[in-house]
Amino acid sequence: MVTPEYQQLAERGPSAPVQAENLPVVDEAQASPEVAELYARFRESFGRPQIPGILQCFATHPPLLEHMMGLAQSMLFTDGALGRLQKELIATAVSSRNRCAYCTDSHGFFLRVHGGSPDLLDAAIACDTNSPSFDPAQGALICLVQKITDDSASITSDDVASLRASGWTDLQIAEAIHVTALFACFNRVVNAFGLPSQDLLGTCKPEAKSITERGSL
């Protein structure tokens, strides 16, 4: 499954080695045979020569790396009950809400690759549920995502009913919950290791701004 975003990144050629500020990640030169095999499997499956920094964080525990690669392949980087654009919209909003510059930049870039407009990207990063860039269904979805991120214990059946009334199915709502909760984990792992933004947004289109330039996190 060669994803379009990873294909674009591969076409740009090699990037600088990953440098985490707080805790070392497992780069390929240091990888054990078990991790090296998983890295090779990732390259073959996703078509990206360089191993993303977040996977290099997970590689400190190889079984976790293997499970995260499975999640990426079976849920995050494929259409399911939700399409890729919807998933990247959630990922960008959650990552911004959690002040994760690395994931906001990465998934904001993916959102643009999968057809999100610059205005939709701005609304997702701002978590502005009243933005006209969101259609009513998207606005309702981001309201739920924001509530899960800020105070998941406050979610009630009324929140689910509101999503249903906006046209979302139970499977789509469940998948939105899963993606939101997964990024709560991913964002915290990345922030704790100290992965910096890759500034993908600053290079995806001339009108795009990097996360640093946006100053929103």
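Every chain is numbered on its own, with residues counted from 1 as its sequence reads. Local features in this predicted model are restricted to residues of pLDDT 70 or higher, and side-chain atom pairs are both shown and tallied only at a pLDDT of 80 or more, whereas totals for entire chains, interfaces and linings draw on every residue. Side-chain descriptors were evaluated using all non-hydrogen atoms of the structure, hydrogens and water having been removed beforehand.

A.B. asks: Help me out: how do you make sense of helix 4 (residues 62-76) in this one?
C.D. replies: Residues separated by three or four positions in an α-helix point in the same direction, a consequence of the helix having 3.6 residues per turn. The numbering of helices and of strands both runs from the N terminus, where a helix is a DSSP run of H or I of at least 4 residues and a strand a run of E of at least 2. Expected span, for any helix, means 1.5 Å times one less than how many residues it has. In this model, helix 4 (15 residues) spans 19 Å end to end at C-alpha, consistent with the 21 Å of a helix rising 1.5 Å per residue. Three labels apply to residues, based on accessible area from a 1.4 Å probe with only protein chains included: buried if under 20% of the type maximum, exposed if over 50%, partly exposed otherwise in between. Of the residues making up helix 4, those classed as buried are Pro-62, Leu-65, Met-68, Met-69, Ala-72, Met-75 and Leu-76. Contact criterion: two residues are considered in contact whenever any of their non-hydrogen atoms come within 4.5 Å of each other. Looking at the buried positions of helix 4, the neighbouring elements they touch are helix 2 (33-46), helix 3 (53-58), helix 5 (84-97) and helix 10 (170-193).

A.B. asks: Would you explain unusual backbone geometry in this entry?
C.D. replies: Leaving glycine out, the prevailing phi sign among residues is negative, and the prevailing peptide bond configuration is trans. Look at Arg-99: it is not a glycine, yet its phi comes out positive at around 60 degrees. With respect to the helices and strands, Arg-99 occurs in the loop between helix 5 and helix 6 (101-113).

A.B. asks: Hey, could you run me through the confidence of the model for the chain in this one?
C.D. replies: Predicted coordinates in regions of low pLDDT should not be interpreted in detail. pLDDT is defined as a per-residue confidence score from the predictor, taking values between 0 and 100. Predicted confidence across the chain gives a mean pLDDT of 90, with 88% of residues reaching 70 or more. pLDDT under 50 marks residues 210-216. Its contacts with residues more than four places away, or in other chains, come to 19 contacts.

A.B. asks: How do you make sense of the packing of helix 5 against helix 10 when you look at a structure like this?
C.D. replies: Relative orientation and spacing of two packed helices are given, respectively, by the angle between their axes and the distance between those axes. Only the stretch in contact is used when a helix axis is fitted, and all axes are lines through C-alpha atoms; the angle between N-to-C directions ranges over 0 to 180 degrees. The interhelical angle for the contact between helix 5 and helix 10, taken along N-to-C directions, is 40 degrees, at an axis separation of 9 Å. In terms of orientation, helix 5 lies oblique with respect to helix 10. The two elements helix 5 and helix 10 meet at a crossing, and its hand is right-handed. The segment helix 5 lies against helix 10, with Lys-87, Ile-90, Ala-91, Val-94 and Ser-95 engaging Glu-175, Ala-176, Val-179, Thr-180, Phe-183, Ala-184 and Asn-187. Side-chain classes are defined by residue name, with Ala, Val, Leu, Ile, Met, Phe, Trp, Tyr, Cys and Pro counting as nonpolar, Asp, Glu, Lys and Arg as charged, and the others, Gly among them, as polar. Of the residues contributing to the contact of helix 5 with helix 10, the split by class is 7 nonpolar, 3 polar and 2 charged. Under this scheme an angle from 65 to 115 degrees is roughly perpendicular, one under 35 degrees roughly parallel, and one over 145 degrees roughly antiparallel; angles in between are oblique. Handedness of a helix crossing follows the sense of rotation of the near helix relative to the far helix, less than a right angle counterclockwise being left-handed and clockwise being right-handed.

A.B. asks: Whenever I open this one, the nonpolar core confuses me. Can you help?
C.D. replies: Nonpolar side chains tend to gather and get buried jointly when the protein is soluble and globular. The criterion is simple. A nonpolar core is a set of buried Ala, Val, Leu, Ile, Met, Phe, Trp, Tyr and Cys residues joined through side-chain atoms within 4.5 Å. Ranked by internal contacts, the top residues of the largest apolar core, which has 59 residues, are Tyr-39, Phe-58, Leu-65, Leu-76, Ile-90 and Phe-186. When contributions to this core are tallied by element, the ones reaching two or more residues are helix 2, helix 3, helix 4, helix 5, helix 6, helix 7 (118-126), helix 8 (136-151) and helix 10. No other element matches the 9 residues that helix 10 contributes to this core. Excluding residues that lie within four positions of it along the chain, Leu-76 makes contacts with Leu-71, Arg-84, Lys-87, Glu-88, Val-179, Leu-182, Phe-183 and Phe-186.

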